[in-house]
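The residues making up each chain are set out below.
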Amino acid sequence: GEPYRQVWLRSIRNFVLEGAAARYPRLKEDQYLVIKEPNGSVGAPLLLEATPESRLIFLIRDPRDVVASRLDAFKRGSWTKQNRDYSTPEKLNAHTRRLAKDYLKAVSQVQTAYEAHSGKKAIARYEDLRHDTVGALKTMYDALEVEVNEAQLRAAVEKHSWERIPDAQKGSGKFYRKAQAGGWKEDLSSQQVRIIENVTGPILREFY
């Protein structure tokens, strides 16, 4: 409970740091361990409070594209093997609403953590990363006060670019699907768009 907040915050801190040390024993003092955790981001406020020296990257994407991507990932025969039933408009819309609510909950928690965090932090929009990857990353590194070699950065961007992924590994039902900002306009019905916009309105108004 709240009277023992500092006690269990220390427990969270020890759990995270000791776990990281066990999994990455070769990590040096002058190196960074980057953890990308979309599904666990609802815990961001507690994680950042427990590790205030951490640097936070708030990565956000248009919720309409996020929901469209997750619907594709959960459909029958897709890469996640979830095999959700979209056989009627009612079932499809119900899944759409649930995924939109999940997104709003997760992003709202990250936003809460971002606003409360007094350490180094940066906001990055997926759309900006796709439009100008190197420029968006340089802006992020500057905000986080992390030195970066631009030549190495450009090489890393090129190595992991969407264009380098084989065509056979890309497309509907696959882990690498579109990487296209605004692709939701082709993927969602007008009713689905209304559902998502109604649920995630606060996020859309602030960031889009």
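What you are looking at is a predicted structure, and each value in this text was computed from that prediction instead of being measured.

For the rest of this paragraph, the subject is a nonpolar patch on the surface. A surface patch of nonpolar side chains, amounting to about 370 Å² of accessible area, comprises Tyr 24, Leu 27, Leu 33 and Ile 35. Mapped onto the elements of the fold, Tyr 24 is located in the loop between α1 (5-23) and α2 (44-50).

Orientation of helix α6 (residues 133-144) relative to helix α7 (residues 150-159), taken along the N-to-C sense of each, is 130°, at an axis distance of 10 Å. As far as their axial angle goes, α7 and α6 are oblique. Crossing geometry of α6 relative to α7 is assigned as right-handed. Together, Thr 133, Val 134, Leu 137, Lys 138 and Tyr 141 of α6 and Glu 150, Leu 153, Arg 154 and Val 157 of α7 make up the contact between the two elements. Its residues assigned to classes, the contact of α6 with α7 shows 5 nonpolar, 1 polar and 3 charged.

This paragraph deals with helix α4 (residues 89-116). Across its 28 residues, α4 extends 40 Å between first and last C-alpha, which sits within 8% of the 40 Å expected from 1.5 Å per residue. Looking at α4, one finds that the buried residues are Asn 93, His 95, Thr 96, Leu 99, Ala 100, Tyr 103, Ala 106, Val 107, Val 110, Gln 111, Ala 113 and Tyr 114. In this fold, the buried residues of α4 make contact with α2, β1 (56-60), α3 (63-74), β2 (121-125), α9 (190-199) and α10 (201-207).

Right, let's get into the packing of aromatic side chains. Under the definition given, this model contains 4 aromatic pairs. Ring centres of Phe 58 and Phe 207 lie 5.7 Å apart, and the angle between their planes is 80°; on these two criteria the pair is classed as edge-to-face. Separated by 149 residues along the polypeptide, Phe 58 in strand β1 and Phe 207 in helix α10 bring together distant segments of the chain. On the numbers, 5.0 Å between centres and 90° between planes, the contact of Phe 175 with Tyr 176 is edge-to-face. Here the aromatic residues Phe 58, Tyr 114 and Phe 207 are joined through ring pairs into a cluster of three or more.

Below, the discussion takes up the pattern of salt bridges. Evaluation of the coordinates by the stated rule reveals 17 salt bridges. When the shortest N-O distance is used, the salt bridge between Asp 102 and Arg 98 registers 3.4 Å. Placement of both Asp 102 and Arg 98 in helix α4 is noted, with a separation of 4 residues, approximately one turn of the helix. Classification of Asp 102 as partly exposed rests on a relative accessible area of 36%. Counted as one network, the salt bridges with shared partners bring together Arg 177, Lys 178, Glu 186 and Asp 187.

Calculation rules
- Residues numbered from 1 in each chain as written.
- Predicted model: local features only at pLDDT ≥ 70, side-chain atom pairs only at ≥ 80, totals over all residues.
- Heavy atoms only, no water.
- Patch = residues over 30% accessible without salt bridge, like charges linked within 9 Å, V, L, I, M, F, W, Y side chains within 5 Å.
- Areas by Shrake-Rupley, 256 points an atom, 1.4 Å probe, with all protein chains shown as cover.
- Salt bridge = Lys/Arg side-chain N within 4 Å of Asp/Glu carboxyl O.
- Helix = DSSP H or I, 4+ residues; strand = E, 2+ residues; numbered from the N terminus.
- Axes fitted to C-alpha atoms, helices over the stretch in contact; angles between N-to-C directions.
- Parallel < 35°, antiparallel > 145°, perpendicular 65-115°, else oblique.
- Left-handed = near helix turned anticlockwise from the far one by under 90°.
- Contact = heavy atoms within 4.5 Å.
- Nonpolar A, V, L, I, M, F, W, Y, C, P; charged D, E, K, R; others polar.
- Expected span 1.5 Å × (residues − 1).
- Buried < 20%, exposed > 50% of the residue type's maximum accessible area, 1.4 Å probe, protein only.
- Phe/Tyr/Trp six-rings, centres within 6.5 Å; stacked < 30°, edge-to-face > 60°.

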